[in-house]
Each structure stands twice: as C-alpha cells, then as structure tokens.
Amino acid sequence: MSRNLKYYYDLMSQPSRALWIFLEKTKLPYEKCSINLGKGEHLTEEFKAINRFQKVPCITDSQIKLAESVAIFRYLCREYQVPDHWYPADSRRQALVDEYLEWQHHNTRATCAIYFQYVWLRPRMFGTKVDPKQAEKYRGQMEGTLDFIEHEYLGSGARFIAGDEITVADLLAACEIEQPRMAGYDPCEGRPNLTQWMARVRESTNPYYDQAHKLVNRFAQETASKAKL
C-alpha cells in the first residue's frame, strides 16, 4: 500500500520533538510540515481542516488524519516496520510502556508544562507577571513528579522507563523534562538516576536529539545568562 505520511510539528512543542526524533531515528519516510505556533499557524482554517483540535503534533497518512502524540506513536509502531523495542509486541513489556504513557498526561507533561508556561512562556508572550508564591507552587508539583521518576521509574538500576531498552515512553518523558530548562530550572540537579537516564536517551538518539533541542538549548542558555546579570 502506498504511503504519504505527512508530519505537522513545531520543535518548541515537547511531543513534537519526541515524534520528530522517532521519525528521524527510525528512518521512516515522511514529509516535514513545520507549523509555527508563535505565529498562530495552527489556528488557521487551513490547518483546522488537517487537525480539528488545531494543535501539534499531528499526521496525515493515506486515508487517516490523526492527532495526539501517544495515539500517533502507537499508530506508527503498528503500521510501519520499526524496531520492536520502541513499542514492544510482547504484552507485558508493552503494558509497562502504556502505564507510563497514561500516567504522564497528568504528571510529567502537566507539571513540567505548567511551570514552564507560567514562569517563562506567558511572561514572554503576553507580558504577564510571575507571582513568586504561585511559581513556587507549580515548581513543587513539578519536583514531586521528577522525584517520582527518579526513585520509582529509574530506581534500582533501571536503564530506561520501561526496561533495559529505550521506548517511546523515554522520548516523551525526556522531551517534557527538557522544557523547564528554558525557565532556568535544571531537572537533573540532585537527581543522579535522572541525569544518567537523560544521557542514555540522548546518546541513543543522537544526532537527532540534539538537533531537536537546538532552540531549547539556546533559550536555556539565554535564561542562564540573564540570571547572572
């Protein structure tokens, strides 16, 4: 069956980066369709015809239009020939990946994104002021999540979130955890398991991991430089 996979993304989006790294690493043939969130390109009627939720990432492929990163990951692993470790066919191993994918919505993704948006994104885009007490509340919620990953998912010598091999769970988790760095927060500080795991994810997926995080790294450096002034 002929394929015409198109990927719509913005590398400032955490799940967009995760899927981009996956597509590049697995060498799946696809068309890159960059969508600039900052310019509101996702809010146009043209894009709404592609994705009714008007968010990124999303794909079109043959007769399907699909949004939501977790759904896209599962679809690509079912429909295309990719190494089994990304989303194992074995039921028990797959279940461990799925456990994280379901958990992360209200934990890693929610807490890291809320802190990042409140401290860095909204002030930058809308000129809002940061209430230190509110920022501390969001930071505490994020740190609770990061500590849980440090001790529960990555404790006892675990190499990756769902076992000894990298999976889509690791890509989604790492890209979310990178985001607060732009707000001046180092998620690895004081978390040796997280630090070593992040290095393994990066090493396993480079050069694409670094390419996907060029903007994140640049903004993180800018924030760090301003903090020293």
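Residues numbered from 1 in each chain as written. Predicted model: local features only at pLDDT ≥ 70, side-chain atom pairs only at ≥ 80, totals over all residues. Heavy atoms only, no water.

Looking at an unreviewed UniProt entry, the protein carries the name glutathione transferase, with the source organism given as Anopheles merus. Under the heading Sequence similarities (unreviewed entry), UniProt records this for the protein: "Belongs to the GST superfamily. Theta family." Within the UniProt record for the protein, the comment given under Catalytic activity (unreviewed entry) is "RX + glutathione = an S-substituted glutathione + a halide anion + H(+)". (UniProt positions renumbered as here; feature names shortened; annotations may be inferred.)

Chemist: How should the state of the cysteines be read in this particular structure?
Modeler: As used in these notes, a disulfide is a covalent bond between sulfur atoms, one from each of two cysteines. Here the structure, examined in full by the defined rule, presents 0 disulfides. Cys112 takes part in no disulfide bond, and the closest cysteine sulfur to it belongs to Cys188, at a distance of 11 Å. We note that Cys175 lacks a disulfide partner, and the nearest cysteine sulfur, in Cys112, lies 12 Å from it. (Disulfide = S-S within 2.5 Å.)

Chemist: Whenever I open this one, the UniProt feature "domain: GST N-terminal" (unreviewed entry) in the protein confuses me. Can you help?
Modeler: Summarizing the sequence annotation, UniProt attributes the feature "domain: GST N-terminal" (unreviewed entry) to residues 3-84 in the numbering used throughout. The annotated region residues 3-84 carries 34% helix and 20% strand content, and the separation between its end C-alpha atoms amounts to 21 Å. (Helix = DSSP H or I, 4+ residues; strand = E, 2+ residues; numbered from the N terminus.)

Chemist: Looking at this structure, I do not really get the nonpolar core. What am I missing?
Modeler: The nonpolar side chains of a soluble globular protein tend to be buried with one another. Formed by 64 residues in total, the largest nonpolar core has its most connected members in Phe22, Leu76, Leu101, Val168 and Trp197. When residues of this core are assigned to their parent elements, the largest contribution, 8 residues, is made by helix H7 (residues 168-178). Built from parts of two domains, this core gets at least three residues from each of domain 1 (6-82) and domain 2 (91-227). In this structure, Trp197 is in contact with Leu154, Arg159, Phe160, Ile161, Asp170, Ala173, Ala174 and Ile177, ignoring residues within four places of it in sequence. Among the nonpolar cores identified, the runner-up in size contains 8 residues, and Tyr8, Phe47, Ile50 and Val56 belong to it. (Core = buried A, V, L, I, M, F, W, Y, C linked by side-chain atoms within 4.5 Å. Buried < 20%, exposed > 50% of the residue type's maximum accessible area, 1.4 Å probe, protein only. Domains from an automatic or database assignment. Contact = heavy atoms within 4.5 Å.)

Chemist: Please clarify how the environment of Leu194 should be interpreted in this entry.
Modeler: Looking at the secondary structure, you find Leu194 in helix H8 (residues 192-205). Spatially, the C-alpha atom of Leu194 lies 22 Å from that of Glu136, the residues being 58 residues apart in sequence. The residues touching Leu194, leaving out its near neighbours within four places in the chain, are Leu146, Ile149, Glu150, Leu154, Ile177, Pro187 and Cys188.

Chemist: What is the right way to look at the domain arrangement of the protein in this model?
Modeler: Buried accessible area, meaning the area lost when the parts come together, often serves as the stated size of an interface. Examined at the domain level, the protein breaks down into domain 1 (6-82) and domain 2 (91-227). A separation of 20 Å is found between the C-alpha centroids of domain 1 and domain 2. Counting from both sides, the interface comprises 17 residues of domain 1 and, opposite them, 27 residues of domain 2. Between domain 1 and domain 2, roughly 1,900 Å² of surface is buried when both sides are summed, and carbon and sulfur atoms account for 69% of that area. On inspection of domain 1 and its partner domain 2, the count reaches 2 salt bridges. (Buried area = accessible area lost by both parts, 1.4 Å probe. Salt bridge = Lys/Arg side-chain N within 4 Å of Asp/Glu carboxyl O.)

Chemist: What's the story with the packing of aromatic side chains in this structure? I'm lost.
Modeler: Remark: the centre distance and the inter-plane angle together describe each pair of aromatic rings, the angle taken between the planes. One pass over the structure, following the stated rule, counts 14 aromatic pairs. When the ring of Phe22 is compared with that of Phe73, the centres are 5.3 Å apart and the planes differ by 80 degrees; the resulting orientation is edge-to-face. Of the two residues, Phe22 sits in helix H1 (residues 14-26) while Phe73 sits in helix H3 (residues 69-79), which places them 51 residues apart along the sequence. Like Phe73, Phe22 is buried. One aromatic cluster in this structure is built from Tyr100, Trp103, Phe148 and Tyr153. When the ring centre of Phe219 is taken as origin, the NZ or CZ atom of Arg218, which lies over that ring, is 4.8 Å away. (Phe/Tyr/Trp six-rings, centres within 6.5 Å; stacked < 30°, edge-to-face > 60°. Lys NZ or Arg CZ within 6 Å of the ring centre and 35° of its normal.)

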